[in-house]
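Structural features, examined
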Amino acid sequence: MIGQSQEMADRRAHRRYRAGDGAYAALSPASSKVGPIVDISMDGLCFRYIVHAEQPKEPVETHIYVGDNGFYLEKMPYETVEDVEIDNPSSLSSIIMRQRRVRFVDLSANQKAQLQYFIAHRTSKQEEVEAG
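Definitions and cut-offs
Residues numbered from 1 in each chain as written. Predicted model: local features only at pLDDT ≥ 70, side-chain atom pairs only at ≥ 80, totals over all residues. Heavy atoms only, no water. Helix = DSSP H or I, 4+ residues; strand = E, 2+ residues; numbered from the N terminus. Buried < 20%, exposed > 50% of the residue type's maximum accessible area, 1.4 Å probe, protein only. Contact = heavy atoms within 4.5 Å. Areas by Shrake-Rupley, 256 points an atom, 1.4 Å probe, with all protein chains shown as cover. Polar contact = N/O pair within 3.5 Å; in protein donor to acceptor, adjacent residues only side chain to side chain. Expected span 1.5 Å × (residues − 1). Arc of directions from axis to C-beta. Pairing = 2+ DSSP bridges.

Looking now at the overall build of the protein. Each helix and strand counted, the protein has two helices and eight strands in total. Counting over 132 residues, the protein shows a buried share of 36%. A sequence separation of at least 24 residues applies to 61% of the contacts in the protein between residues at least 6 apart. Roughly 8,400 Å² of accessible area belongs to the protein as shown, and the carbon and sulfur atoms make up 49% of that amount.

Okay, structure coming up:
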């Protein structure tokens, strides 16, 4: 029987890399769903964000924005793979954290080239993320 992490590794066509400090993703420039990128690949990315109590109902977004100290990828088409609440490391805090995994879809040649540049220059190559 294959474990869940082995299944996920088998489905991934590209390696995932840790993004550098300051790398973030947002569902739109004005979205409250913005936070640090956990990992990124040519297939998609994972990022975490804080759920705000007065968070307005946001429209369903079809693009994600990626930024890192002056480098900016905009309107990257995606589909959500998973959006789950994650444990807050501080049991004293009432902050709700979520983690969203997205898969890039229908990227243009220019978007793919920019994403390759981001991965080559803005991630930790030595810190390839293990599947799981």
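This part is about unusual backbone geometry. Although it is not a glycine, Lys75 sits at a positive phi angle of roughly 50°. Mapped onto the elements of the fold, Lys75 is located in strand β6 (residues 71-86). Overall, Lys75 belongs to the partly exposed group, its relative accessible area being 47%. A positive phi is found at Asp106, a non-glycine position, where the angle reads about 50°. Secondary-structure assignment places Asp106 in the loop between β7 (96-104) and α2 (109-122).

Relative to the assigned elements, Thr123 resides in strand β8 (residues 123-128). You can call Thr123 buried: its relative accessible area is 13%. Within polar-contact distance, the side chain of Thr123 engages the backbone oxygen of Ile119 at 2.4 Å.

So, about α2. Every α-helix carries 3.6 residues per turn, so stepping three or four residues along brings you back to the same face. Spanning 14 residues, α2 covers 19 Å between terminal C-alpha atoms, matching the ideal 20 Å at 1.5 Å per step. Buried within α2 are the following residues: Gln111, Leu115, Phe118 and Ile119. End-on view of α2: buried residues confined to an arc of 95°, all on one side of the axis. Exposed and facing more than 90 degrees away from the buried side of α2 are Ala109 and His121.

The buried fraction of strand β5 (residues 63-68) amounts to five of the six residues, a majority that puts the element mostly inside the structure. Where strand β2 (residues 23-26) and β5 come together, four bridges link them in antiparallel fashion. Bridge pairing in β5 places Ala23 opposite Asp68. As consecutive antiparallel partners, β5 and β6 are separated by two residues, and within that stretch Asn69 has a phi angle of approximately 40°, a positive value.

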